[in-house]
Amino acid sequence: MKAIVYTKYGPPDVLQLREVEKPIPKENEILVKVKATTVTVADIRSRSFTVPKAFWLPARITLGFRGPKKQILGMELAGVVESVGKDVKRFKEGDQVFAASLSDFGAYAEYKCLPEDGPLSIKPSTITHAEAAAIPIGARTALFFLRKANIQNGQKVLVYGASGSVGSYAVQIAKYFGAHVTGVCSTTNLDLVKSLGADKVIDYTEEDFSTTDETYDVIFEAVNKSSFSACLKVLKKGGTYINITEPLPSPQMLWTTLTSGKKLVLSRNAPETSETLDFLKELVETGKVKVVIDRYYEFDEIVEAHQYVEKGHKRGNVVIHVEKERS
Ligand SMILES: NC(=O)c1ccc[n+]([C@@H]2O[C@H](COP(=O)([O-])OP(=O)(O)OC[C@H]3O[C@@H](n4cnc5c(N)ncnc54)[C@H](OP(=O)(O)O)[C@@H]3O)[C@@H](O)[C@H]2O)c1
């Protein structure tokens, strides 16, 4: 089968289209014929080995010391089940599925084996494989962290970085939970964020969200570009600050939780189960959540796709058609 392989960390052109062995599903696995995958921030970081200094050693242990242990990147996909292992109960040949493959990677390939009890679900019937491939990481992350913040009907939520993958889902899912949502984005993305249902939008190139009179029950920092102090100023007492990028609290964050009655929810991985994908499937099929796709690339344009995402300004998601035919 064809796959995008990388044998060393580096710039986008370390990614090469190669012929590799087709995988065989184990007894508890399904074999998926991949129709579409995506380029996420996590793919960019894993390819280039861009990690904070404090995480260099654990990341090297996970990803590989001399070079990548898992040489096929790709952390989300949609496709069709080609065959199933003998113990598989939930899926059958021909099922259309979408999945995350965060720990094992491997979605930049024509075929991928996935355990049936992982983050894997039947694809929403109302959208294409290309759209479905862009749900598992961004939407699952948004839903996981909003639930962690115990989001409630009528609360005021600020989403900082509302035009990115996680941000665009966070706006819509917070609206689904009945929140009043303010999205912070740049001028070019104001219309997009409004179209996702935000009640209010703030253009960060024109206005500082922390200098208005507005205060929030939840601040969802989706791109880690605002300062914690600025967020604190407009976070209500008892409110929750979510940061999906910072896994460890700074001294200021620790002090805040001890003294101010404001809560912190910091970065961690969402559980590797299918529950959230099943829930998101319903939200998509009932029109509550739309998938924002910025650009589509063909499989052999993966280097260009990585170059684009690396700039840090994608709107929503960037999708790769693994099959030549548009899916
Ligand atoms: N903890 C987890 O489980 C988890 C899961 C997924 C992602 N993440 C992390 O979450 C972060 C976001 O991921 P993503 O895929 O959603 O990112 P993304 O789609 O690449 O974010 C790009 C967006 O950020 C906006 N942006 C750039 N600079 C900005 C600024 N100064 N202020 C406001 N918006 C700005 C860009 O719009 P403009 O350029 O127009 O401003 C663009 O729309 C990444 O750090 C990723 O590693 C964590």
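That block above? That's the structure.
In this report, we go over the structure that sits alongside the text.

Cut-off values and rules
- Each chain carries its own residue numbering, running from 1 in the direction its sequence is written.
- Local features in this predicted model are restricted to residues whose pLDDT is 70 or higher, and side-chain atom pairs enter the listing and the counts only when it is 80 or higher, whereas totals over whole chains, interfaces and linings include all residues.
- Hydrogens and water are ignored here; the side-chain numbers use all heavy atoms of the structure.
- Helix and strand labels come from DSSP, where a helix needs a run of H or I of at least four residues and a strand needs a run of E of at least two; each type is numbered from the N terminus.
- This radius of gyration counts C-alpha atoms alone. The globule rule is 2.2 Å times how many residues there are, raised to the power 0.38.
- Three labels apply to residues, based on accessible area from a 1.4 Å probe with only protein chains included: buried if under 20% of the type maximum, exposed if over 50%, partly exposed otherwise in between.
- Only the stretch in contact is used when a helix axis is fitted, and all axes are lines through C-alpha atoms; the angle between N-to-C directions ranges over 0 to 180 degrees.
- Should an angle lie under 35 degrees it is considered roughly parallel, over 145 roughly antiparallel, and from 65 to 115 roughly perpendicular; all remaining angles are considered oblique.
- For any pair of crossing helices, the crossing counts as left-handed if the nearer helix is rotated counterclockwise from the farther one by less than a right angle, and right-handed if it is rotated clockwise.
- In this description, contact between two residues means that some pair of their heavy atoms is separated by no more than 4.5 Å.
- Only Asp, Glu, Lys and Arg are considered charged, only Ala, Val, Leu, Ile, Met, Phe, Trp, Tyr, Cys and Pro nonpolar, and every remaining residue, Gly among them, polar.
- A pair of strands is considered paired only if DSSP assigns at least 2 bridges between the two.
- Any residue with a heavy atom lying within 4 Å of a molecule or strand is counted as near it.
- Definition of a polar contact: a pair of N or O atoms within 3.5 Å, with one able to donate and the other able to accept a hydrogen when the atoms are protein atoms, and with sequence-neighbouring residues admitted only if both atoms are side-chain atoms.
- Under the convention used here, a 1.4 Å probe and the Shrake-Rupley method define accessible areas, while residue burial counts only the protein chains that appear.

### Some points on the overall build of the chain
- Within the chain, the regular secondary structure consists of 10 helices and 15 strands.
- A globule of 327 residues ought to have a C-alpha radius of gyration of about 20 Å, and the chain, at 20 Å, matches this closely.
- Taking the principal axes of its C-alpha atoms as reference, the chain extends roughly 60 × 45 × 35 Å.
- Counting across all 327 residues of the chain, residues that qualify as buried make up 56%.

### What about the packing of helix α4 (residues 138–148) against helix α5 (residues 165–176)?
- At a closest axis distance of 8 Å, the pairing of α4 and α5 adopts a crossing angle of 50°. One element, α4, and the other, α5, form an angle in the oblique class. The interaxial crossing formed by α4 with α5 has right-handed handedness. In this structure, α4 uses G138, A139, T141, A142, L143 and L146 to contact α5, whose residues at the interface are S165, V166, Y169, A170, I173 and A174.
- Across the contact of α4 with α5, the residue classes tally to 9 nonpolar, 3 polar and no charged.

### Let's talk about the pairing of strand β4 (residues 76–84)
- With 7 bridges connecting them, strand β3 (residues 29–38) and β4 associate as antiparallel partners. Residue pairing in the sheet places I30 in a bridge with V84 of β4.
- As defined by bridge partners, β4 adjoins strand β5 (residues 96–100) across 5 bridges and the pair is classed as antiparallel. Looking at β5, one finds that L77 is bridged to A99.

### Section: the site of the ligand
- Taken together, 25 residues lie near the ligand, and R45, S186, Y204, H313 and K314 sit nearest.
- K314 is positioned with one of its backbone polar atoms (N or O) 2.6 Å from an oxygen atom of the ligand.
- Relative to its unbound accessible area of 930 Å², the ligand is 88% covered by the protein chains.
- Of all elements in the fold, only α1 (41–48), α4 and α5 reach the threshold of two or more residues within the shell around the ligand.
- Each residue belonging to the shell around the ligand can be placed in one class, and the counts come to 9 nonpolar, 12 polar and 4 charged.

### Some details on unusual backbone geometry
- Positive phi outside glycine occurs at F105, with the angle close to 55°.
- Checked against the element boundaries, F105 lands in the loop between β5 and β6 (111–115).
- A relative accessible area of 7% places F105 in the buried class.
- Positive phi, normally seen in glycine, also occurs at N150, with a value near 55°.
- Within the secondary structure, N150 is located in the loop between α4 and β8 (156–160).

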